[in-house]
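# An overview of the molecular structure
Now for the letters of each chain:
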Amino acid sequence: MREFDLGRAVPRTEDLLLLRGRGRYTDDIALPRTAHLHVLRSPHAAARIRRIDVAAAQEAPGVVEILTGQDAEADKLGTLRARVTRRRPDGSPNFQPPYRVLALDRVHHVGDPVAAVVAETLAQAKDAAELVAVDYEILPAVTGTAGTLATDAPKVWDEIPDNICFIEHIGNEAKVKEAFARARHVVKDRFVINRVTASPMEGRAALGFYDTREERYTLYAALQSPHLMRNDLAGQVFKLPANRFRLISPDVGGGFGMKGSAFPEYALVLWAAKKIGRPVKWFAERSESFVADHHARDNVSEVALALDESGRFLALDVETIANIGAYIASNGLHVPVGNLGGLAGPYTTPAIHVKVTGVFSNTNATCPYRGAGRPEASYCIERIIDIAAHQLGIDRVELRRRNLIPPASMPFKTGLVFTYDSGEFGTVMDKTLELGDWKGAAGRKAEAKRRGKLYGVGVASVIEVAGGPAAAPFEEAMEIRFDATGGATVLLGTHNHGQGHETAFRQLAYHFLGLEPDQVTLIYGDTDKVFHGRGTFGSRSLSVGGAALQVAAQRVIDKGKKVAGHVLEAATADIEFADGRFTVTGTDKSIDLISVAKASFNLAKMPPDMEIGLDANAVFRPPAGTFPNGCHLCEVEIDPETGVAAIVRYAVVDDVGRVVNPLLLKGQIHGGIAQGAGQALCETMVYDRDSGQLLSGSFMDYCMPRATDFCPIEVGEHNVPSKSNPLGIKGAGEAGCVGALPAVMNAINDALAPLGIRHFEMPATPERLWRAIHAANGGGG
């Protein structure tokens, strides 16, 4: 089955089950005597809780238990804490807000959990929750990112009167100042990147169970990193050893970074299950998800680019205000800082400085979302380059080309954090321009004008880090086990939630061990079965997890050679392995891997000094991150009468290193582009400035992109293998989103430029575009 080897476009093996409705998601799991939990949430953005009266609710039909913050305090439950910390302006550690499972005396955003009602049915729990009387003293709130730093801004936390969570400086500030002092041109602008929410197809869900005999908790939930979540819940909330908890993450309908966070509801179902002696289930309906899930993006940046007389980049200076929310999500402080190296782009800019101020607000915590800081960084550099090109009268592509890092400079230490190991950025750009027919853009613009449309084309050359933090990537674990029948089981430390891991890892198993797809069982997402795992995030699963599988496979082969040598009566050194068979060198004597696995359980066929069975595990930690890169070319048409913007052409060429499955790759690129374009064109979380109420609390107000909003997307490749892992894989999960955000907005701004509009902020909704066009034409806003 060579058609299943690496590089083949193998259709996803998991799709047949999912498309037939035979997936097994958390809400599909039914345990006997399960009770249902409903969370009563704060209707206010900031308020003091004077009193909670649950008497009437406790008498409601079907009610089993009602829990409040006072109960959590009495049971000595801890609070959720961030995995990443930073420092305040004075050098002290950032303030860690008490992220409780239920609010105690204050609520800090609309949707803050106040009480948990457990009943026989969900409907009964909801009805009873309406009888819970909460006396609130409403307090002033602040939700706007820039507004949090105003001298008269309401305090989100009394302990932090300036609302500043942290301040981080990265890069060489002195060198940047010197470069700006001698620059011929300085281009500045302010960019607002709006707040969005992940909106996965499957909302968050949790099912908790407590085994009184074993004194162990079991949680079923849609998680990206079950082992990390187990540690958070065990150590932070319940203050118990992690081995007292089993976390099972079954099928997951999309995670996008949000489902890597710890949430109060996961602890609530476990706590409630122990208290009532029954399983407890919670499922977020879509309207609840908007106020209960962590959000993403939401920052304001002042960006300045210094150039010499020939258009060479001398320095980049960025000051960002990043909205953390009221609480700090598990990885909330990683996002605004951890991936800022992408500001360097594929360019030679020698000096870069970034100042990031993380601020608290009366909003949901922000967490990683597809790209996790990378799209924001790429947007800032790519927008300021377009503005500079317009201001200096230089072609946008030419300005980029003058500043691209040449392949001969690899490895290249950028002006900010990263050292790129590989990349041919000029070739990637050239292929994109050819694929997207850049030369024909002028003709298409003229044709669109004849039809009364505003035409714009946007280009973005982007690069990102993948595989974990660039300097110290996280490890990943894999295990291979054979049973006595010869069946192979691969246990993954990563998790599949839509990426196609069931297919890709079977292809790797075939490549390394010659195992056919139907000979391999994959297990993931169960902390009792998988010995260790970091999980799936940061486009790392194949580059890091695949490398771990390669190491484990080689260990299986090494052990298998000893067994094969014993069975074939040959020295181990004379045994070769290829295509799933062990062969005695120079002979036709051979035995297949499955037969060797069976023999390993037969003591009569085993060497006397070997343990029974054939298995191996491995943990791989790469020496550095990888750097996927690409170039995006987007064309839009805007109807000035309605403000509707349409993407009419889109081309992208990516360098993702070695490709395991081109079909899966295109799916990842398409999905990422859809999410980046969705934020650029329509998605946005909006709060009322005065009350802090969420105004975009359903899909009636939070606009999601649809298939009809996209044209066919042309995807090309120019892959240069990475040097930081043995497979040469760079990663692709976030690449589409990283490039789409700047490419689409550059196209929108190009279309509006003839009207004298210098910069238009996302989202480019029909109403906002119509108002901008109308104002530019003298009609007012």
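These lines cover the structure that appears in this document, whether it is placed above or below. Predicted, not measured: the structure shown is a model, and the values here were computed from it.

### Thoughts on the overall build of the chain
Broken down by element type, the chain carries 19 helices and 28 strands. What you see for the chain is a C-alpha radius of gyration of 28 Å, in line with the 28 Å of a compact globule of 781 residues. Dimensions of the chain, computed from the C-alpha atoms along their principal axes, are close to 90 × 70 × 50 Å. Looking at the chain residue by residue over its 781 residues, the buried ones come to 61%. The long-range fraction of contacts in the chain, counting pairs at least 24 apart against all pairs at least 6 apart in sequence, stands at 80%. In the form shown here, the chain has an accessible surface area of approximately 29,600 Å², with 51% of it arising from carbon and sulfur atoms. Charge-centre separation for the chain: the mean point of 84 positive side chains lies 2 Å from the mean point of 92 negative side chains.

### Concerning the pairing of strand β21 (residues 520-523)
Along β21, the buried face is formed by V520 and L522; none of T521 and I523, which line the opposite face, is buried. In this structure, strand β20 (residues 488-492) lies alongside β21, joined through four bridges in parallel fashion. Within β21, the residue paired with L491 across the bridge is I523. Once you follow β20 into helix α14 (residues 501-513) and on to β21, the crossover reads as right-handed.

### So, the sheet that holds strand β14 (residues 313-325)
The five strands are arranged β7-β15-β14-β13-β8 in an open sheet whose pairing can be described as mixed. Each having just a single partner strand, β7 (164-171) and β8 (185-197) make up the two edges of the open sheet. Across this sheet, the average inter-strand angle for adjacent strands is 10°, counted without regard to direction. As judged from the 12 bridges shared by β8 and strand β13 (residues 295-307), these two strands associate in the antiparallel manner. Following the sheet pairing, T197 is matched in β13 by H295.

### Let's talk about the environment of I647
One can find I647 in strand β27 (residues 645-655). Residue classification places I647 among the buried residues on the basis of a relative accessible area of 7%. If we ignore the near neighbours within four places in the chain, the residues touching I647 are C634, E635, V636, A677, L681, D709, F710, C711 and V744.

### Some thoughts on the packing of helix α10 (residues 374-392) against helix α11 (residues 396-403)
In the contact formed by α10 and α11, the axes pass within 9 Å of each other and the chain directions differ by 115°. Viewed along their axes, α10 and α11 form a crossing whose handedness is right-handed. Each of E382, I385, D386, A388 and A389 in α10 lies in contact with α11, whose residues at this interface are R396, L399 and R400.

### Some details on the pattern of salt bridges
This structure, assessed with the given rule, holds 46 salt bridges. For the salt bridge of E265 with R204, the shortest nitrogen-to-oxygen distance reads 3.1 Å. Residue E265 is located in helix α7 (residues 264-276), and its partner R204 is located in the loop between β8 and β9 (205-211); the two are separated by 61 residues in the primary sequence. On the basis of relative accessibility, which here comes to 2%, the residue E265 falls in the buried class.

### A few points about the pairing of strand β22 (residues 575-578)
The alternating pattern of β22 places I575 and F577 on a buried face and E576 and A578 on a face that is not buried. Strand direction decides the pairing type here: β22 and strand β23 (residues 581-584), joined by four bridges, are antiparallel. Each bridged residue has a counterpart across the sheet, and for A578 the counterpart in β23 is R581. Once β22 ends, the chain turns through two residues before running back antiparallel as β23, passing D579 with a positive phi of about 55°.

### Comments concerning the sheet that holds strand β1 (residues 35-41)
Within the open sheet, the seven strands sit side by side as β3-β5-β1-β12-β9-β10-β11. Their pairing is mixed. If you trace the sheet from one side to the other, it starts and ends with β3 (63-68) and β11 (245-248), each paired once. The mean angle between the axes of side-by-side strands here comes to 20°, regardless of whether they run parallel or antiparallel. As paired strands, β1 and strand β5 (residues 113-119) are joined by six bridges and run antiparallel to one another. Along β5, the bridge assignment pairs H36 with A119. Running at roughly 140° to β11, helix α6 (residues 226-238) makes contact with β10 (216-221) and β11 of the sheet.

### Structural notes on the nonpolar core
The biggest cluster of nonpolar side chains holds 165 residues, and the ones touching the most others in it are Y650 and I748. For this core, the leading source of residues is helix α18 (residues 735-752), giving 11 residues. Setting aside anything within four residues of it in sequence, one finds Y650 in contact with H632, L633, C634, I673, C711, P712, I713, E714, G739, A740, A743 and V744. One finds A504, F512, V563 and L593 within the second-largest nonpolar core, a separate group that totals 48 residues.

### Quick notes on the side chain of T494
For T494, the location among the structural elements is in the loop between β20 and α14. Not counting the four nearest positions on each side in its chain, T494 is found in contact with E476, M478, H501, F505, Y524, G535, T536 and S541.

### Some details on the state of the cysteines
Working definition of a disulfide: a covalent bond connecting the sulfur atoms of two cysteines. Throughout the structure, instances matching the rule amount to zero disulfides. For the unlinked cysteine C711, the closest cysteine sulfur is that of C634, found at 7.3 Å.

### What to know about helix α4 (residues 122-129)
For α4, every residue scored as buried is listed here: A125, A128 and A129. Seen end-on, α4 carries its buried residues on one side only, within an arc spanning 100°. In this structure, the buried residues of α4 make contact with β1, α2 (55-58), β3 and β5.

### Quick look at α18
Between its terminal C-alpha atoms α18 stretches 27 Å, which fits the 26 Å expected from 18 residues at 1.5 Å a residue. Most of α18 is tucked away, with 18 of its 18 residues classed as buried.

### Section: the environment of A488
Residue position: A488 is located in strand β20. With 427 residues separating them in the primary sequence, A488 and P61 have C-alpha atoms 51 Å apart. Setting aside its immediate chain neighbours within four residues, A488 contacts R481, F482, L515, Q519, V520 and T521.

Conventions we followed
Residues numbered from 1 in each chain as written. Predicted model: local features only at pLDDT ≥ 70, side-chain atom pairs only at ≥ 80, totals over all residues. Heavy atoms only, no water. Helix = DSSP H or I, 4+ residues; strand = E, 2+ residues; numbered from the N terminus. Rg over C-alpha atoms; globule rule 2.2 N^0.38 Å. Buried < 20%, exposed > 50% of the residue type's maximum accessible area, 1.4 Å probe, protein only. Contact = heavy atoms within 4.5 Å. Areas by Shrake-Rupley, 256 points an atom, 1.4 Å probe, with all protein chains shown as cover. Lys, Arg positive; Asp, Glu negative; His and termini not counted. Charge placed at Lys NZ, Arg CZ, Asp CG, Glu CD. Pairing = 2+ DSSP bridges. Right-handed = clockwise from strand over helix to strand, strands pointing away. Axes fitted to C-alpha atoms, helices over the stretch in contact; angles between N-to-C directions. Left-handed = near helix turned anticlockwise from the far one by under 90°. Salt bridge = Lys/Arg side-chain N within 4 Å of Asp/Glu carboxyl O. Core = buried A, V, L, I, M, F, W, Y, C linked by side-chain atoms within 4.5 Å. Disulfide = S-S within 2.5 Å. Arc of directions from axis to C-beta. Expected span 1.5 Å × (residues − 1).

Limitation: the analysis is restricted to geometry and does not speak to function.
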